[in-house]
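# Observations on chain architecture
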Amino acid sequence: MENRVLAVTDLHLSRGERAILRGVTLSVARGELVAIMGPSGSGKTTVLRAIAGLETADRGRIDVSGRVGMVFQFHCLFEHLTALENVCLAPVHAHGVARELAARRGRALLAAFGVEHRAHALPRHLSGGEAQRVAIARALAVDPPVLLMDEPTASLDPQRRAELGELLADLRRRDTALLVATHDEEFARTFATRVLRMQDGRLVD
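Residues numbered from 1 in each chain as written. Predicted model: local features only at pLDDT ≥ 70, side-chain atom pairs only at ≥ 80, totals over all residues. Heavy atoms only, no water.

### With respect to the nonpolar core
- Residues Phe-113, Ile-136, Leu-147, Met-149, Leu-168 and Leu-171 are the most contacted members of the largest nonpolar core, which totals 39 residues.
- Listing elements by their share of this core, those giving two or more residues are strand S3 (33-37), helix H2 (83-93), helix H3 (99-112), helix H4 (128-140), strand S6 (146-150), helix H5 (158-173), strand S7 (177-181) and helix H6 (185-191).
- Per-element accounting of this core gives the leading share, seven residues, to H4.
- Residues contacting Phe-113, with those up to four places away along its chain left out, are Arg-133, Ile-136, Ala-137, Leu-140, Leu-167 and Leu-171.
- Counting 24 residues, the second largest nonpolar core, distinct from the first, contains Val-5, Leu-11, Met-70 and Ala-181. (Core = buried A, V, L, I, M, F, W, Y, C linked by side-chain atoms within 4.5 Å. Buried < 20%, exposed > 50% of the residue type's maximum accessible area, 1.4 Å probe, protein only. Helix = DSSP H or I, 4+ residues; strand = E, 2+ residues; numbered from the N terminus. Contact = heavy atoms within 4.5 Å.)

Right, here's the structure in full:
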């Protein structure tokens, strides 16, 4: 696949005696939004966590051209940090970016997602949609070519869901590769470039 930035090959992962992933193979190119659908427990989120390095596969291969950003289902913002501080945390502490530069980049990302006016708000003062946008800005703060998202529409009303879809479409136009785990059939069919389906730890079509 041209411009492929993520390739997962024959990924297997077990927890104790239970096989969670059974030979998952997939790839995502720049500008693609690939949706993984399937019932709860089918392995969708585990695929994302393995790609992000949060779980260790038993065997298989994961190749990524650069860094990976991840947006969790419940956002996982640090409650004691403001929106801007959440966005700046990884660039400053994990990648050694100067605070002033990280803050400028962080404000630009918050502005791009329409939440710059919430830069100094703590997560508990953000709406669900605002928190999600801050979480996306945080994931993109280290400029990853691949963005992983777990159930991004789970807590959104129809208007916010449509807004999220347009935001992701804009990321696609900027050549970000997106891999999204979702139960939301309508969202996947409207905004994904490809839909993959999982059942019992395998991609079935």
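### A look at unusual backbone geometry
- Positive phi, close to 50°, is recorded for Asp-10, a residue that is not glycine.
- Mapped onto the elements, Asp-10 comes out in strand S1 (residues 4-15).
- Residue classification places Asp-10 among the partly exposed residues on the basis of a relative accessible area of 36%.
- Even without being glycine, Asp-200 reaches a positive phi, approximately 50°.
- Residue Asp-200 is classed as partly exposed on the basis of its relative accessible area of 47%.

### As for the packing of aromatic side chains
- Inspection of every chain in the model, using the stated rule, returns one aromatic pair.
- Plain terms: the ring middles of Phe-187 and Phe-191 are 5.1 Å apart, the flat faces sit at 45° to each other, and that makes the pair tilted. Taken together, the residues span about one helical turn, with Phe-187 and Phe-191 both in helix H6 at a distance of four residues.
- You can call Phe-187 buried: its relative accessible area is 3%. (Phe/Tyr/Trp six-rings, centres within 6.5 Å; stacked < 30°, edge-to-face > 60°.)

### A look at the sheet that holds S3
- With mixed pairing, six strands are arranged side by side in an open sheet as S5-S6-S7-S3-S8-S9. Only two strands of the sheet have a single partner each, and these edge strands are strand S5 (68-71) and strand S9 (202-203).
- Set on the sheet, H4 makes contact with S5 and S6; between it and S5 the angle comes to about 165°. (Pairing = 2+ DSSP bridges. Axes fitted to C-alpha atoms, helices over the stretch in contact; angles between N-to-C directions.)

### Let's talk about the pattern of salt bridges
- With the rule as written, the count across this model stands at 14 salt bridges.
- For the salt bridge of Asp-184 with Arg-161, the shortest nitrogen-to-oxygen distance reads 3.0 Å. Of the two residues, Asp-184 is situated in the loop between S7 and H6 and Arg-161 in helix H5; the sequence distance between them amounts to 23 residues.
- A residue is classified by how much of its surface remains accessible, and Asp-184, at 13% relative accessible area, is buried.
- Classification of Arg-161 as partly exposed rests on a relative accessible area of 21%.
- Taking the shortest distance from any N to any O, the salt bridge between Asp-170 and Arg-174 comes out at 2.5 Å.
- What makes Asp-170 partly exposed here is its relative accessible area of 25%.
- Put simply, Arg-15, Arg-49 and Glu-55 are held in one network by salt bridges that share partners. (Salt bridge = Lys/Arg side-chain N within 4 Å of Asp/Glu carboxyl O.)

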